[in-house]
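Structural characterization, general
Here's the letter readout for the chains.
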Amino acid sequence: MTDVRTKPLASLDPVGEPVVVVLQSQVSFSAEPGETVYAAAERHDLCWPTACGGRGICGLCVMEVEEGRENLGPIGIEERELLTRLYGADGERPEVRLACRAKVLGDVTVRRRGVKPRSSRDGDKT
Amino acid sequence: MTIEQQIAKHHANVEKHHLQFPETTMWPEQIQLTEEETLYPTSEYTDPERLKLELERVWYRSWQYACRQEEVANPGDYYEYVIGTQSFLVARGEDGVIRAFRNACRHRGTQLKKGKGNAPDFTCSFHAWCFSLKGELVDIPDRHLFPGVTDEEYRLREVGCDVWAGFVFINPDPERAKQQPLLEFLGRVAEDLEPYHMERYRNAMHAVIHLDCNWKAAIEAFLEAYHVSFTHPQILAYLDDVNTALETIGDHSRMIVPYGVPSMRIEHVDEAEIYEAYFNKSATSFRHKQATSLPPELFDEDGTWTLDIPIREYMMQHHERIGQESGHDYSGLTREQLVDDYDYHIFPGFKFNSHAGACLGFRSRPHPTDPNKCIFDVFKFIWPNEHEPIPEPAPMVEVEYTDPSVGLVLSQDFSNLAKVQRGMHDETLTHVTFGSPEVRITNFHNVIERLLAED
């Protein structure tokens, strides 16, 4: 993936909690330790692409971890199987994770397009 | 299409994205299936006697796709087509006419040709009985020893054969072929597809895949978009499985899947993601003809998406431009047909996803004796650049369904099918159940039942 976006990030990070930075979407937000990336985004009223609502079924919340892979909980068998089924060899790369399954343990920087505050979405275009 | 008030909420994206569909298509909510159509016995996928009947009364009596005209381009070119236990030879004569014959020497039955090739006549490898490319008996060694053999009685058995849009169809039953010529059999499907100019297409890939499922189950997997959200969620970013329109057309059917818009099941997708998914993740991405990474010109210096038209419109313009550069005539296509998937099923086992300038074709054929197996062909038919030399047709290759060349989307479909077939054998599962999104499948079954009821 190529990050063509360089704008400053819109930040939603209270002091003391792990921070998730989402490149390509230009947002960051805090997560409670052990909370999944997707759940933390939802809690901040951020729209993260999904068709199953974070149930680990659709795989659309897929993200690429840029930094802090060790600050995410370990990948489970089901998460890896789904990623492989949906994305083939790409899904087998260790930096590819599902936001709805990856638990935040520390600061992490990921790549994912289309993560936006619900209030700022441009519903007419997509 | 009229969207009644009560179902409008299910199809809100039609208005949002200005989607257009032909008046004759329907939404699943507008379709009522009978109980008979809804419930279909599992035994009809597993019973060897049923398979035998389907071969005799459906396949040995129906028009079916055999090969492309470019595969028998020159006089003497022949192409073997096999269905069930029967083998046929499609051949172009010295007069340029394409005919089809039963592939059996009239002497003692030896198959005359295998595969494809070119020959001046069909000479049997056993005793050298010789037949012309028109099927005439032209020579028998020591003919005086066969006083009862007449030229007329011992000519090759010719079967129905005709060409539509570059596709050579045969009908093993010549009488039925006369009663209902190919164009009459195709009906409105032939008219619908005329603007695509598929006669200009070339067979760019032909993969033969042996699947562990019944031939009906295999083709049925591609007759609905209901499975997309769970089997292929990675492509929901660029196609709308919810706003997919359906239509039965006599024995055939179609569905229209909007491309260049995300599924209504997703709250939001960036335009850049739609672009990437459309050009890189589609089973028909082979038709895009150029590198498909995100073009930098679509972003400003801050990395903000700058395209001031909907991405769907951008894709239409893209295909229009590629068509012009390639010398293609898309003047008969609607704007929607430049990007959307117009998916046609031609009874019994042929279907294709039509797009401007290319289509992905599938053909499902029964195993000769085992209802739990079938032969599945995957084709890429591409309109070559008219300004470049026309490529030779691709050779037929046999591949495993797990082969990477099959592609991720199709391998996801195929990996379901063996499980489907195994489940059909469950003693307590007497019927499979179809809903209105699967109306093309119930139409398919209705035609089969009609043909099975004929003598």
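For the structure itself, look to the data block above.
Values in this document were obtained by computation on a predicted structure and should not be read as measured data. Each residue is numbered by its place in its chain's sequence as written, counting from 1. Naming scheme: in the order in which they are written, chains are lettered from A and ligands are numbered from 1. Local features in this predicted model are restricted to residues of pLDDT 70 or higher, and side-chain atom pairs are both shown and tallied only at a pLDDT of 80 or more, whereas totals for entire chains, interfaces and linings draw on every residue. Hydrogens are left out, water is left out, and the side-chain values use all remaining heavy atoms of the structure.

Paired through backbone hydrogen bonds, the strands of a sheet run either parallel or antiparallel to each other. Residues and elements named next belong to chain B. When DSSP locates at least two bridges between a pair of strands, those strands are taken to pair. To qualify as a helix, a DSSP run of H or I must reach at least 4 residues; to qualify as a strand, a run of E must reach at least 2; elements of each kind are numbered from the N terminus. Taken together, three strands build an open sheet; the order of strands is β7-β8-β9 and the sheet is antiparallel. The open sheet terminates on both sides in strands that have one partner only, identified here as β7 (122–123) and β9 (137–139). With two bridges joining them, β7 and strand β8 (residues 130–131) adopt antiparallel strand pairing. By the bridge assignment, Thr 123 is partnered in β8 with Cys 130.

Right, let's get into the pairing of strand β5 (residues 62–67) of chain A. Where β5(A) and strand β6 (residues 96–98) of chain A come together, three bridges link them in antiparallel fashion. Following the sheet pairing, Met63(A) is matched in β6(A) by Arg97(A).

Let us look at the interface of chain A and chain B. In what follows, a contact means two residues having at least one pair of non-hydrogen atoms within 4.5 Å. Between chain A and chain B, the residue contacts involve 26 residues of the former and 30 residues of the latter. Criterion for a salt bridge: a side-chain nitrogen of Lys or Arg within 4 Å of a carboxyl oxygen of Asp or Glu. There are four salt bridges connecting chain A and chain B. Under the rule applied, a polar contact is a pair of N or O atoms within 3.5 Å (in protein, one hydrogen donor and one hydrogen acceptor; residues adjacent in sequence only if both atoms are side-chain atoms). Where chain A packs against chain B, one counts five residue pairs in polar contact (both at pLDDT 80 or more). Ranked by the residues each element gives to the side of chain A that touches chain B, the list is headed by helix α2 (residues 77–87) of chain A, at four residues.

Bringing the side chain of Asn353(B) into the picture now. All names here are of chain B. Within the secondary structure layout, Asn 353 lies in strand β16 (residues 350–355). At 2.9 Å, the side chain of Asn 353 forms a polar contact with the side chain of Asp 341. Side chain to side chain, Asn 353 and Asp 343 meet in a polar contact 3.2 Å long.

This paragraph deals with the nonpolar core. Residue and element names in this part refer to chain B. Among buried residues, the Ala, Val, Leu, Ile, Met, Phe, Trp, Tyr and Cys ones that are joined through side-chain atoms within 4.5 Å form a nonpolar core. Burial here depends on accessible area, computed with a 1.4 Å probe over protein chains only, as a share of the maximum for the residue type. Under 20% is buried, over 50% is exposed, and the range in between is partly exposed. Counting residues in each nonpolar core, the largest one holds 73 residues, and the members touching the most others are Trp 164, Phe 167, Phe 169, Met 198, Trp 305, Ile 346 and Phe 352. For the domain bounds, the source is a domain assignment made automatically or taken from a database. A domain-level breakdown of this core finds at least three residues from each of domain 1 (3–45 + 195–452) and domain 2 (64–179). Other than its neighbours up to four places away in sequence, Phe 352 contacts Trp 164, Leu 193, Met 198, Tyr 342, Asp 343, Tyr 344, Ile 346, Cys 359, Leu 360 and Gly 361. Judged by nonpolar contacts, the second largest core, of 45 residues, contains Cys 67, Val 72, Ile 448 and Leu 451.

A separate point is unusual backbone geometry. Following Phe347(B), the chain continues to Pro348(B) via a peptide bond in cis, the omega torsion being 0°. Following the sequence through the fold, Pro348(B) ends up in the loop between β15 (341–346) and β16. Even without being a glycine, Asp45(A) presents a positive backbone phi close to 60°. Along the chain, Asp45(A) falls in the loop between α1 (37–43) and β4 (46–47). In the Ramachandran plot, Asp142(B) falls in the positive-phi region, its phi being about 55° despite a non-glycine side chain.

The subject of this paragraph is helix α13 (residues 408–424) of chain B. Any helix carries an expected span of 1.5 Å times its number of residues minus one. Here α13(B) is 17 residues long and its end C-alpha atoms lie 25 Å apart, about the 24 Å a rise of 1.5 Å per residue gives. For α13(B), the set of buried residues is Val409(B), Leu410(B), Ser411(B), Gln412(B), Asp413(B), Phe414(B), Leu417(B), Ala418(B), Gln421(B) and Met424(B).

What follows covers the environment of Arg155(B). Residue and element names in this part refer to chain B. The residue Arg 155 is located in the loop between β9 and β10 (158–164) in this model. As for Arg 155 and Leu 137, which are separated by 18 residues in sequence, their C-alpha atoms are 4.9 Å apart. Leave out the neighbours within four places in its chain, and Arg 155 touches Arg 106, Lys 134, Gly 135, Glu 136 and Leu 137. Among the polar contacts made by the side chain of Arg 155, one reaches the main-chain carbonyl oxygen of Lys 134 at a distance of 2.9 Å.

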